[in-house]
Amino acid sequence: MLKKLAVVLALSGAITLVAKADTQTLDSSAATTNNSVALGLTNAGATQAIVGNAAWAAPLAGSSWISFTTTGDTGNSNFYTVPNGTAVTFEQQFTLNGTITSAFLDVLADDTTSVVINGNTLYAPNLNGSYPTCSSIEIGCLASTEGVFNTAQLLPYLINGVNTLDFTVYQKAGSSFGLDYAGAITTDTDHRVTTPEPGSLALLGAGLLGFALLKFRS
């Protein structure tokens, strides 16, 4: 009789996989991005949002142009000219949990930047290229030279756990200097949930009632 009851109880539950989607945003901002400024630079400080040079593209959606001081708008009274040859690394860390289903990352920079994920170089700039208005090729400060990276390009370098995204921004020729990036990574995590179905609940009730009657007769 106990075996029969066990069968009824087993039938009463339905195992359902519920997919939970999480999205990790990536954006250049004073709140999310740290910098490691090269020694010897003046006016160097924590990452801050800046007003871009008038020739630059507008900031990407959800982000802002950033730097280590006022290095964007040349009309700013506190404008600081970054010496040619300067390289400054900006970094954001983020945590992923689950199966990555989609990802994208868009990048702008003046003059240009590398893109490195967890120590793996996704993009290495051509430092011997032409720099009429920032870089004339990917990655620069104009919409025509925006770096665009998709799921297939990002996926091999992303891991479950803590990830590190690095940009080393180079000043090659010119006065203004800055970085702008935006992206998102979506992950799915399956959760096992036991949910009794209406028919199963009726079966369970009948089984328990039958068990009780047999118990009473004995």
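Coordinates for the structure precede this section.
First things first, this report covers the structure right here in the doc. In this text, all values refer to a predicted model and were calculated from it rather than measured experimentally.

## Some words on the overall build of the chain
Right, so step 1: A count of helices and strands for the chain gives three helices and twelve strands.
Right, so step 2: For the chain, the accessible surface area stands at approximately 11300 Å², while carbon and sulfur atoms represent 57% of it.

## Regarding empty space enclosed by the protein
Right, so step 1: Under the criterion given, the structure shown has one cavity of 30 Å³ or more.
Right, so step 2: In this structure, the largest cavity encloses a volume near 40 Å³.
Right, so step 3: Lining the largest cavity, in full, are Leu-26, Phe-94, Leu-105, Ile-117, Leu-154, Leu-158, Leu-165 and Ile-185.
Right, so step 4: Partitioning the lining of the largest cavity into residue classes produces eight nonpolar, no polar and no charged.

## Quick word on unusual backbone geometry
Right, so step 1: A cis amide bond links Asp-110 with the next residue in sequence, Asp-111, at an omega value of 5 degrees.
Right, so step 2: Note that the residue after Glu-138, namely Ile-139, is joined by a cis bond; omega there is -5 degrees.
Right, so step 3: By the element assignment, Ile-139 lies in the loop between β9 (120-123) and β10 (147-149).
Right, so step 4: Unusually for a residue other than glycine, Cys-134 sits at a positive phi of about 55 degrees.

## With respect to the side chain of Thr-69
Right, so step 1: Inspection of the secondary structure puts Thr-69 in the loop between β4 (66-67) and β5 (87-96).
Right, so step 2: At 3.2 Å, the side chain of Thr-69 and the backbone oxygen of Asn-43 are in polar contact.
Right, so step 3: Residue contacts for Thr-69: discarding those within four places in its chain leaves Asn-43, Gln-48, Ile-50 and Tyr-80.

## Structural notes on the nonpolar core
Soluble, globular proteins show a tendency: their nonpolar side chains are buried together.
Right, so step 1: Counting 30 residues, the largest nonpolar core has Leu-105, Val-107, Val-115, Phe-149, Leu-158, Leu-165 and Leu-179 as its most contacted members.
Right, so step 2: Elements that contribute at least two residues to this core include exactly β5, β6 (99-110), β8 (115-117), β9, β11 (161-170) and β12 (178-194).
Right, so step 3: In terms of residue count, the dominant contributor to this core is β6 (five residues).
Right, so step 4: Once residues lying within four places of it in the same chain are set aside, the contact partners of Leu-179 are Ser-28, Ser-64, Trp-65, Ile-66, Phe-90, Val-107, Leu-108, Ala-109, Thr-113, Phe-167 and Val-169.

## So, the environment of Thr-145
Right, so step 1: When you line up the elements, Thr-145 lands in the loop between β9 and β10.
Right, so step 2: Between the C-alpha atom of Thr-145 and that of Ala-57, which follows or precedes it by 88 residues, the distance is 9.9 Å.
Right, so step 3: Aside from chain neighbours lying at most four places away, what touches Thr-145 is Ser-135, Ser-136, Ile-137, Glu-138, Ile-139 and Gly-140.

## With respect to the state of the cysteines
Right, so step 1: One pass over the full model with this rule turns up one disulfide.
Right, so step 2: Disulfide pairing is shown between Cys-134 and Cys-141; the S-S distance is 2.1 Å. With the S-S dihedral at roughly -85 degrees, the linkage between Cys-134 and Cys-141 falls on the left-handed side. The pair Cys-134 / Cys-141 is uniform in exposure class, with both members buried.

## A look at the pairing of β11
Right, so step 1: Of all the ten residues making up β11, seven are buried; the element is thus mostly covered by neighbouring parts of the structure.
Right, so step 2: In terms of strand pairing, β5 meets β11 through ten bridges, oriented antiparallel. Looking at the pairing, Thr-89 lines up with Thr-168 of β11.
Right, so step 3: Of the strand pairs in this sheet, strand β7 (residues 112-113) and β11 are connected by two bridges, and their pairing is antiparallel. The residue of β11 that forms the bridge with Thr-113 is Val-169.

## Quick word on the packing of aromatic side chains
Right, so step 1: In total, this model carries four aromatic pairs according to the counting rule given.
Right, so step 2: Each ring, one from Phe-68 and one from Phe-177, has its centre 5.8 Å from the other, and the planes form 55 degrees; the classification is tilted. Of the two residues, Phe-68 sits in the loop between β4 and β5 while Phe-177 sits in the loop between β11 and β12, which places them 109 residues apart along the sequence. Neither Phe-68 nor Phe-177 differs from the other in exposure class; each is buried.
Right, so step 3: Taken together, the ring pairs in this structure connect Phe-68, Tyr-80 and Phe-177 into an aromatic cluster.

Reading the values: the criteria
Residues numbered from 1 in each chain as written. Predicted model: local features only at pLDDT ≥ 70, side-chain atom pairs only at ≥ 80, totals over all residues. Heavy atoms only, no water. Helix = DSSP H or I, 4+ residues; strand = E, 2+ residues; numbered from the N terminus. Areas by Shrake-Rupley, 256 points an atom, 1.4 Å probe, with all protein chains shown as cover. 1 Å grid on protein atoms, 1.4 Å probe; cavity = no way out; pocket = protein on both sides within 12 Å on 5 of 7 lines; lining within 4 Å. Points joined across faces, edges and corners; volume = space filled by probe spheres on them. Nonpolar A, V, L, I, M, F, W, Y, C, P; charged D, E, K, R; others polar. Polar contact = N/O pair within 3.5 Å; in protein donor to acceptor, adjacent residues only side chain to side chain. Contact = heavy atoms within 4.5 Å. Core = buried A, V, L, I, M, F, W, Y, C linked by side-chain atoms within 4.5 Å. Buried < 20%, exposed > 50% of the residue type's maximum accessible area, 1.4 Å probe, protein only. Disulfide = S-S within 2.5 Å. Pairing = 2+ DSSP bridges. Phe/Tyr/Trp six-rings, centres within 6.5 Å; stacked < 30°, edge-to-face > 60°.

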